[in-house]
Amino acid sequence: MRAMTGPQRIAFDTVSRPLYDRAASRRLETHAAAQAAPHALMQAAGLALAKLAIAIAPQAQRIWIAAGPGNNGGDGLEAALHLHRIGKQVQVTALGDPSRRPADAAASLLRAQAAGVVIEAALHPDVSCDFAIDALLGLGSTRAPEGALAEAVRCFNRQGPLRLAVDVPSGLDADLGQPFGDGVAQASHTLCLLTLKPGLFTGRGRDLAGEVWLDDLGLVRIGSPVAPRAWLGGSDAVPPVRPPRTHSQHKGSFGDLLVVGGAPGMGGAALLAARAALAAGAGRVYLSALDPASPTLDPAWPELMLRPSLWRDAKLLSHATVVCGCGGGDAVAEALPTVLARAARLVLDADALNAVARDAALQTLLLARATRGLATVLTPHPLEAARLAGAANTADIQADRLGHAERLAARFACTVLLKGSGSVVATPQQPSHINASGNARLASAGTGDVLAGWLGGLWAGAAANMPAHRVAQAALWLHGSAAEGDGLHAPLPASALLQRLGAA
């Protein structure tokens, strides 16, 4: 990675970037500090923070900085110095015992005091500002803020809409993306220093961090002594799953896909998946509905071939991509042994996952697919993942989304796409990815069925020979990016998402 020239915004269409957890970031920080002059790293961090503050809020005159007792607070003090020098009205609340500050932070405190920055040792009861900076608790924090720090977090959250956190919002777990407790800073922007942290892109981290920025402080990552925890998947992670078509190709050139689902009362889920597979470019799409009374024609998409018992066709299964479980209900359990044993490529979603979770025999069949060279992708949401993992509830999964996705992938020897805020793709022996695209508009009924069918359709066609984890990354990124662009609060029904994906 080339050195940066200042803070850079991490957008949804970003290139893939490494994510470093707390331990790895600490090792990189130590490595960087050893190569720099004394205090130089913190001074560079403070300058980067001041630059971003000016870029975000150029008109702000009254700036309040809540500085904690550690190096995160030192970064804030350095920023205060620069903002004061350009004429901003800077007020710093520096909490903690000054005699116990780390050496770098203590030096920054003296520099800020010498420059004339207004620094108070206690929180003023009526803080009011145009722009607030949270430099209270950074990467090293492992518990919720308490006492004066907790009150400073509450004060930070009461300020105006422009609130900047340093490295990670105070009270947020930088590794897991979950608050340590109720007291957590809610930032509109977060500036990561040196490294991007995984917790800012999954779980509640995306809401609490706001827009994420990165400044690597001029360091070059080539030859880095520390491996990343995971990767933030961007547009460059999308392989050519839909290359231009040639004149000599025909529908057989783009594979067969079979959707198995649509139990009584749940036919819409299977139809959405099948339509998404067509939109993705699968050559022939069959829908084997599990409702004996299901129609034999989809008037809106007459290209679909609706054949109720087709999941029993061993010849079709031997070469087709199968998407199983969308609206499957309890009826899907009958089809699963055959599908697990014979499908060439398999996407398991929704009720198929629930059936596997409660049946040890189905779990054995799923695990056996890998030994026979048959690829599988599981697409659970957190509750389905909890059932598969034997966890108590969704909170257990959400507490460590990366870790649980990786453990499920290892347990069943397949690719796991854990849906949710910052969806995770995990595959044994492969780096895990957190998806960078998408937003809360995808939290509507049927969008998961669209994702399953879209993934299967890509896999059935031009991506048939690609590894499952690459296809899952591509499908997920395209699915998320289709929700971008119209504002976070605009409704996006699954059928509208499907149309967007068709034009992707």
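That block above? That's the structure.
Residues numbered from 1 in each chain as written. Predicted model: local features only at pLDDT ≥ 70, side-chain atom pairs only at ≥ 80, totals over all residues. Heavy atoms only, no water.

A. Quick peek at the overall build of the protein chain. The helix and strand inventory of the protein chain stands at 17 helices and 19 strands. In summary, the protein chain has a C-alpha radius of gyration of 26 Å against a globular reference of 23 Å for 504 residues, a match within 12%. With the C-alpha coordinates of the protein chain rotated into their principal frame, the extents come out at 80 × 40 × 40 Å. The proportion of buried residues among the 504 residues of the protein chain is 56%. As presented, the protein chain carries roughly 19,900 Å² of accessible surface, and 54% of it is formed by carbon and sulfur atoms. Across the protein chain, the 43 positively charged side chains and the 39 negatively charged ones have centroids separated by 5 Å. (Helix = DSSP H or I, 4+ residues; strand = E, 2+ residues; numbered from the N terminus. Rg over C-alpha atoms; globule rule 2.2 N^0.38 Å. Buried < 20%, exposed > 50% of the residue type's maximum accessible area, 1.4 Å probe, protein only. Areas by Shrake-Rupley, 256 points an atom, 1.4 Å probe, with all protein chains shown as cover. Lys, Arg positive; Asp, Glu negative; His and termini not counted. Charge placed at Lys NZ, Arg CZ, Asp CG, Glu CD.)

B. Broad picture of the packing of aromatic side chains. This model, assessed by the stated rule, comprises zero aromatic pairs. Between Arg163 and the ring centre of Phe156, over which it is positioned, the NZ or CZ distance is 5.9 Å. (Phe/Tyr/Trp six-rings, centres within 6.5 Å; stacked < 30°, edge-to-face > 60°. Lys NZ or Arg CZ within 6 Å of the ring centre and 35° of its normal.)

C. Here's a closer look at the sheet that holds strand 15 (residues 345–348). Within the open sheet, the eleven strands sit side by side as 2-10-19-18-17-16-15-14-11-12-13. Their pairing is mixed. Either end of the sheet is taken by a strand with one partner, and the two such strands are strand 2 (17–19) and strand 13 (305–306). In the sheet, strand 14 (residues 321–324) pairs with strand 15 via four bridges, with the strands oriented parallel. Across the sheet, Thr321 pairs through a bridge with Arg345, a residue of strand 15. This element, helix 11 (residues 360–371), spans strand 15 and strand 16 (375–378) of the sheet and lies at about 135° to strand 16. The sheet strands contacting helix 14 (residues 401–412) are strand 10 (230–233), strand 16, strand 17 (415–418), strand 18 (424–426) and strand 19 (433–435), and the helix crosses strand 18 at an angle near 35°. (Pairing = 2+ DSSP bridges. Contact = heavy atoms within 4.5 Å. Axes fitted to C-alpha atoms, helices over the stretch in contact; angles between N-to-C directions.)

D. Geometry of the pattern of salt bridges. Enumeration over the complete set of coordinates arrives at 16 salt bridges. In this structure, Arg275 and Asp298 form a salt bridge, with 2.8 Å as the shortest nitrogen-oxygen distance. With Arg275 in helix 7 (residues 267–280) and Asp298 in the loop between strand 12 (284–289) and strand 13, this residue pair connects regions lying 23 residues apart in the sequence. Arg275 sits in the buried class, given a relative accessible area of 18%. Connected through salt bridges with shared partners, the residues Arg22, Asp173 and Asp175 form a single ionic network. (Salt bridge = Lys/Arg side-chain N within 4 Å of Asp/Glu carboxyl O.)

E. View of unusual backbone geometry. Although it is not a glycine, His39 sits at a positive phi angle of roughly 70°. A relative accessible area of 29% means that His39 is categorised as partly exposed. One non-glycine residue, Gln429, lies in the positive phi region at around 65°. Along the chain, Gln429 turns up in the loop between strand 18 and strand 19.

F. Seen up close, the nonpolar core. Of all hydrophobic cores here, the largest spans 60 residues; its most connected members are Phe201, Leu258, Val322, Cys324, Leu336, Leu348 and Leu378. Discounting chain neighbours no more than four positions away, the residues touching Leu348 are Cys324, Leu336, Leu340, Leu353, Val356, Leu366, Thr376, Val377, Leu378 and Thr379. (Core = buried A, V, L, I, M, F, W, Y, C linked by side-chain atoms within 4.5 Å.)

G. How the structure looks around the layout of surface pockets. Quantified by volume, the largest pocket comes out at close to 1,200 Å³. At the level of secondary structure, the elements contributing two or more residues to the lining of the largest pocket comprise helix 6 (205–209), strand 9 (211–215), helix 15 (447–460) and helix 16 (468–481). A per-class count over the lining of the largest pocket returns 16 nonpolar, 18 polar and seven charged. The computed volume of the second largest pocket comes to approximately 490 Å³. If you go around the second largest pocket, you meet 25 residues; those closest to its centre are Arg26, Glu29, Asn71, Asn72 and Asp75. Of the residues assigned to the lining of the second largest pocket, the class counts are eleven nonpolar, eight polar and six charged. (1 Å grid on protein atoms, 1.4 Å probe; cavity = no way out; pocket = protein on both sides within 12 Å on 5 of 7 lines; lining within 4 Å. Points joined across faces, edges and corners; volume = space filled by probe spheres on them. Nonpolar A, V, L, I, M, F, W, Y, C, P; charged D, E, K, R; others polar.)

H. Inspection of the side chain of Asp291 at higher detail. Here Asp291 shows up in the loop between strand 12 and strand 13. Buried charged residue Asp291 carries no salt bridge. Nearest counter-charge: Arg312, at 13 Å. One polar contact links the side chain of Asp291 to the main-chain amide nitrogen of Ala293, over a distance of 3.0 Å. For Asp291, the contacting residues outside a window of four places in its chain are Gly262, Ala263, Pro264 and Gly265. (Polar contact = N/O pair within 3.5 Å; in protein donor to acceptor, adjacent residues only side chain to side chain.)

I. A look at helix 9 (residues 332–342). Looking only at helix 9, the buried set comprises Val332, Ala335, Leu336, Val339 and Leu340. Taken end-on, helix 9 shows its buried residues confined to a sector of 130°, consistent with a single buried face. On its buried face, helix 9 sits against strand 11 (256–261), strand 14, strand 15, helix 10 (351–357) and helix 11. (Arc of directions from axis to C-beta.)

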